[in-house]
Amino acid sequence: MSAERIDRLEERLAWLERHVEEQDKVILQLTETADRLRAEVRLVRERSSSGAGGEIAPGSTDNERPPHY
């Protein structure tokens, strides 16, 4: 094998290794985002199913009209 060919292969290998590292970082970020979103969905489901038939508690501002009405 020529030295030039070995150099090109080493360059390609270095590029592929860097690319794999970047993909690993992105996949880790996406996994963390998905976990956070799952927790938020679980919390919203718990809130919507809890309480007296889903009614708003007295004194709560969740059901008030916005000021522009």
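This write-up is about the structure you can find in this document. Just so we're clear, the structure is a prediction, and the values are computed from it rather than from any experiment.

1. Quick notes on the overall build of the chain
Right, so step 1: Along its length, the chain carries one helix and zero strands.
Right, so step 2: Taking all 69 residues of the chain together, the buried fraction comes to 0%.
Right, so step 3: Of the accessible surface of the chain, which amounts to about 6,900 Å², a share of 53% is contributed by carbon and sulfur atoms.

2. A look at the pattern of salt bridges
Right, so step 1: Applying the stated criterion to the full structure yields three salt bridges.
Right, so step 2: Arg 18 serves as the salt-bridge partner of Glu 22, at 3.7 Å between the closest nitrogen and oxygen. Here the residue Glu 22 and the residue Arg 18 both occupy positions in helix H1 (residues 3-49), the gap between them amounting to four residues, near one helical turn.
Right, so step 3: Residue Arg 36 is joined to Glu 40 by a salt bridge in which the shortest nitrogen-to-oxygen separation is 3.1 Å. With Arg 36 and Glu 40 both in helix H1, this residue pair falls four residues apart, about one helical turn.

3. A look at a nonpolar patch on the surface
Right, so step 1: On the surface, Met 1, Ile 6 and Leu 9 cluster together into a nonpolar patch covering about 310 Å² of accessible area.
Right, so step 2: Topologically, Ile 6 is positioned in helix H1.
Right, so step 3: On the basis of relative accessible area, Ile 6 is assigned to the partly exposed category, the value being 34%.

4. Considerations on a negative patch on the surface
Right, so step 1: Together, Glu 4, Asp 7, Glu 10 and Glu 11 give the surface a local cluster of negative charge.
Right, so step 2: Here Glu 4 lies in helix H1.
Right, so step 3: Judged by relative accessible area, Glu 4 falls into the exposed class, the value being 57%.

About the thresholds
Residue numbers restart at each chain and count upward from 1, following the sequence in its written direction. Local features in this predicted model are restricted to residues whose pLDDT is 70 or higher, and side-chain atom pairs enter the listing and the counts only when it is 80 or higher, whereas totals over whole chains, interfaces and linings include all residues. Side-chain descriptors were evaluated using all non-hydrogen atoms of the structure, hydrogens and water having been removed beforehand. The helix and strand labels rest on DSSP assignments: H or I over at least four residues marks a helix, E over at least two residues marks a strand, and numbering proceeds from the N terminus. Only protein chains enter the accessibility calculation, which uses a 1.4 Å probe; a residue is then buried when its area is under 20% of its type maximum, exposed when over 50%, and partly exposed in between. Method for areas: the Shrake-Rupley scheme with a 1.4 Å probe, in which residue coverage is limited to the protein chains shown. The salt bridge criterion pairs a side-chain nitrogen of Lys or Arg with a carboxyl oxygen of Asp or Glu, the two atoms within 4 Å. Surface patches are defined over residues having more than 30% relative accessible area and no salt bridge, joining like charges when they lie within 9 Å and nonpolar side chains (Val, Leu, Ile, Met, Phe, Trp, Tyr) when within 5 Å. Only four residue types enter the charge count: Lys and Arg as positive, Asp and Glu as negative, with His and the chain ends excluded. Where a charge lies is defined by one atom per residue type, namely NZ (Lys), CZ (Arg), CG (Asp) and CD (Glu).

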